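# Topology and contacts: notes
Spelled out, the chains give:
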Amino acid sequence: MRVGILYSRIRKDEKLLLNELRERGHEVEKIDVRKERFGLESTTAAVDDLDIVVDRCLSTSRSLYATRFIDSYGVPVVNSPETGDICADKAKNSLALAEADIPTPATEVAFTKDAALEAIEEFGYPCVLKPVTGSWGRLMAKIDSRNAAEAILEHKETLGHYEHKVFYVQEFVDKPGRDIRVLAVDGEPVAAMTRSSDHWLTNAAKGGETKSFDLDERATELVEKASAAVGGGMLGVDLMEVGVDPDTDPAETSADDYTVHEVNHTVEFKALDSATDVDVPARVVDWLEAKAVELAEGDGSEESEEASA
């Protein structure tokens, strides 16, 4: 199998993936998107003979545009640009989850400071204000008072970029000091972990403590549905437990249900690989091998149908 890896920086995640691919004898074409050009009919990147391309771009904009161009050349790419477009935008993400009847935090979007303040007041305090694009918990604010809301909204309004004019307001979910990250491939969970912290943000990138987590039937069902809602692929599905007393050790009780607050399309997995007994890179490459075969067979069946017609 000839695999292309789209990247702008090789992190530990990409090293784990590259090592696993090479140990299995697969040919790897590393494609640094910072050095390539993408035209309407062709690209300087060596993609013509690749069986599959894996998007590992750190930058959201590079990810979305590079995958769109590569897809236009007829080269299989995961995750698809359609999935990336939904997952990279929190508002589109929330809409996709809600339209699939997946429990997700109550959310409103406003386009002016005054309208956003009205939404915040209706949600009540605390609530959460997030940028529509971004990762690692950056630029997220837990708003505890009207004074804080006015200050943060004014700050965002003066930042200039059009995305800061989209005010994404969400209810504050009183989770039990942790959330759950699940790596899934086309809806099938590979591994899961909790991310715990005394801070309201529990992201591993923010220093959250990670620990392996066993998914129950309900969580597994929601991961599958959330994956399908955004178009499938290799995804990080983030869940929060609801119905758990935040003053009780979550290890000693069980959630009444879960809410899915986000699905990530260029998911990092180094923390998950360290936190669980699962060989995450091996499972990812298993999926890539099967996906390449599936896509190749799909192309062949379409050609056969056209020939018979």
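Note that the structure is a prediction, hence the values are computed from the model and not measured.

Before going further, it helps to examine the overall build of the protein chain. When helices and strands are tallied, the protein chain shows 9 helices and 13 strands. Taking all 309 residues of the protein chain together, the buried fraction comes to 45%. Of the contacts made within the protein chain by residues no fewer than 6 positions apart, 70% connect residues no fewer than 24 positions apart. Summed over all atoms, the accessible surface of the protein chain reaches about 15100 Å², with 45% contributed by carbon and sulfur.

With that settled, the discussion passes to the sheet that holds strand β1 (residues 2–7). Read across the sheet, 4 strands follow the order β2-β1-β3-β4 without closing on themselves; strand pairing throughout is parallel. For this open sheet the edge positions go to β2 (27–32) and β4 (77–78), each flanked by a neighbour on one side alone. With respect to the sheet, helix α1 (residues 12–23) is in contact with β1, β2 and β3 (52–55), its orientation differing from that of β2 by roughly 150 degrees.

It is worth spelling out the nonpolar core at this point. Residues Leu17, Leu183 and Leu288 are the most contacted members of the largest nonpolar core, which totals 23 residues. At the level of elements, β1, α1, β3, β9 (178–185), β10 (188–196) and α9 (280–308) are the ones that each hand at least two residues to this core. The dominant element in this core, judged by the number of residues it contributes, is α9, at 6 residues. If you look at the next biggest cluster of nonpolar residues, it comprises 20 residues, including Leu97, Ala184, Ala219 and Val260.

Okay, the side chain of Glu14 next. Within the secondary structure, Glu14 sits in helix α1. Residue classification places Glu14 among the buried positions, given a relative accessible area of 1%. A polar atom in the side chain of Glu14 sits 2.9 Å from the backbone nitrogen of Arg11. The contacts of Glu14, once residues within four sequence positions are left out, are Arg9 and Arg56.

An α-helix turns once every 3.6 residues. As a result, residues three or four positions apart point the same way. Between its first and last C-alpha, helix α7 (residues 217–230) extends 21 Å over 14 residues, near the 20 Å set by a 1.5 Å rise per residue. Here α7 has its buried residues at Ala219, Leu222, Val223, Ala226, Ser227 and Val230. What you see down the axis of α7 is that its buried residues fit within an arc of 135 degrees, all on one side. Those residues of α7 that are exposed and angled more than 90 degrees off the buried face are Glu217, Glu224 and Ala228. Buried-residue contacts for α7 involve α3 (81–87), α4 (90–99), β9, β10, β12 (234–242) and β13 (257–264).

In this section: the environment of Val280. Residue position: Val280 is located in helix α9. Among the residues examined, Val280 registers a relative accessible area of 0% and is labelled buried. In this structure the C-alpha to C-alpha distance between Val280 and Leu16, which are 264 residues apart in sequence, comes to 8.9 Å. Apart from the residues within four sequence positions on either side, Val280 is in contact with Leu183, Ala191, Phe269, Leu272 and Asp273.

Take helix α6 (residues 146–157) next. The end-to-end C-alpha separation of α6 is 16 Å, in line with the 16 Å expected for 12 residues at 1.5 Å each. Within α6, the full set of buried residues consists of Ala149, Leu153 and Lys156. Mapping the buried residues of α6 onto a view down its axis gives an arc of 60 degrees, with all of them on the same face. Turned more than 90 degrees off the buried face of α6, the exposed positions are Asn147 and His155.

We now examine the pairing of β9. Counting buried residues along β9, 8 of its 8 residues qualify, which places the element largely inside the surrounding structure. Taken together, the 8 bridges between β9 and β10 define a ladder with antiparallel strand orientation. The residue of β10 that forms the bridge with Arg178 is Ser196. The turn joining β9 and β10, which pair antiparallel and follow one another in sequence, is formed by 2 residues; a positive phi near 50 degrees is taken by Asp186. For β9 and β12, the ladder comprises 6 bridges, and the chain directions are antiparallel. Across the sheet, Ile180 pairs through a bridge with Leu239, a residue of β12.

Thresholds applied
- Residues numbered from 1 in each chain as written.
- Predicted model: local features only at pLDDT ≥ 70, side-chain atom pairs only at ≥ 80, totals over all residues.
- Heavy atoms only, no water.
- Helix = DSSP H or I, 4+ residues; strand = E, 2+ residues; numbered from the N terminus.
- Buried < 20%, exposed > 50% of the residue type's maximum accessible area, 1.4 Å probe, protein only.
- Contact = heavy atoms within 4.5 Å.
- Areas by Shrake-Rupley, 256 points an atom, 1.4 Å probe, with all protein chains shown as cover.
- Pairing = 2+ DSSP bridges.
- Axes fitted to C-alpha atoms, helices over the stretch in contact; angles between N-to-C directions.
- Core = buried A, V, L, I, M, F, W, Y, C linked by side-chain atoms within 4.5 Å.
- Polar contact = N/O pair within 3.5 Å; in protein donor to acceptor, adjacent residues only side chain to side chain.
- Expected span 1.5 Å × (residues − 1).
- Arc of directions from axis to C-beta.

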